[in-house]
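Given next are the chains, with one letter for each unit.
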Amino acid sequence: MTTRPAAYALFAGDHASVDGVETVTFTPVTGAAVTTVKAKRLGPEKSTIPVANQFGHQPAQMQWRLWDETLGGNEPHSECKITDEDGEIYTILQASKQLFGTQWDCNCIRQIS
């Protein structure tokens, strides 16, 4: 059983009050996908790349923040996948816990199909 710091409860559900949070699917390397993970793009945002936006492209690299309490007990690490609301799939290259373990910042690369 994982022991969490006392401050975990203060920040675990803050995704409900943060702008730009979307629901994504998190797929661990082994095990079942979790379709109700709360996540936020940390950059680059779609709107910051005007030429790419005209053609419907998204940046190849993206940083995502995932809320721990919505991961179904999974811990993000390299090779896990994040699928956004548009069906774009990102592979996690590196993940690190943030804010008393309530959030994970994940450096990812978008899969080209």
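The structure this text deals with has already been given above.
Described in the following lines is the structure provided in the data block.

Cut-offs applied
Along each chain, the written sequence defines residue order, and numbers are assigned to residues from 1. Confidence filtering applies because this is a predicted model: local features only for residues at pLDDT of at least 70, side-chain atom pairs given and counted only at 80 or more, and all residues used for totals across whole chains, interfaces and linings. Only hydrogens and water are set aside when side-chain values are computed; all heavy atoms of the structure are taken into account. For two strands to be treated as a pair, DSSP must find at least two bridges joining them. Helix and strand assignments follow DSSP, with helices taken as H or I runs no shorter than four residues and strands as E runs no shorter than two, numbered in order from the N terminus. Residues belong to a common nonpolar core when they are buried Ala, Val, Leu, Ile, Met, Phe, Trp, Tyr or Cys residues joined through side-chain atoms within 4.5 Å. Burial status follows relative accessibility: with a 1.4 Å probe on protein chains alone, a residue under 20% of its type maximum counts as buried, one over 50% as exposed, and anything between as partly exposed. Only heavy atoms matter for contacts: two residues are in contact if any of them lie within 4.5 Å across the pair.

A separate point is the pairing of strand S3 (residues 61-67). On a regular strand, one side chain projects to one face of the sheet and the next to the other, so that they alternate. As paired strands, strand S2 (residues 34-43) and S3 are joined by 4 bridges and run antiparallel to one another. Following the sheet pairing, Lys40 is matched in S3 by Arg65. Pairing between S3 and strand S6 (residues 103-110): 7 bridges, direction antiparallel. Looking across to S6, one finds that Trp64 is bridged to Cys106.

Here we take up the nonpolar core. Within the largest apolar cluster, 16 residues are counted, with the highest numbers of intra-cluster contacts made by Phe26, Trp64, Leu66 and Ile82. Only strand S1 (21-27), S2, S3, strand S5 (89-98) and S6 provide two or more residues apiece to this core. Apart from residues no more than four positions distant in its own chain, Phe26 is found in contact with Ala33, Val34, Val37, Leu66, Leu71, Asn74, Glu75, Pro76, Cys80, Lys81, Ile82 and Ile92.

For the rest of this paragraph, the subject is the pairing of S1. Covered by surrounding structure in S1 are Glu22, Val24 and Phe26 only, the residues Val21, Thr23, Thr25 and Thr27 on the alternate face being uncovered. Between S1 and S2, which pair antiparallel one after the other, the connecting turn spans 6 residues, and Gly31 there sits at a positive phi close to 110 degrees. Bridging between S1 and strand S4 (residues 81-83) involves 3 bridges; their strand directions are antiparallel. Paired with Phe26 across the bridge in S4 is Ile82.

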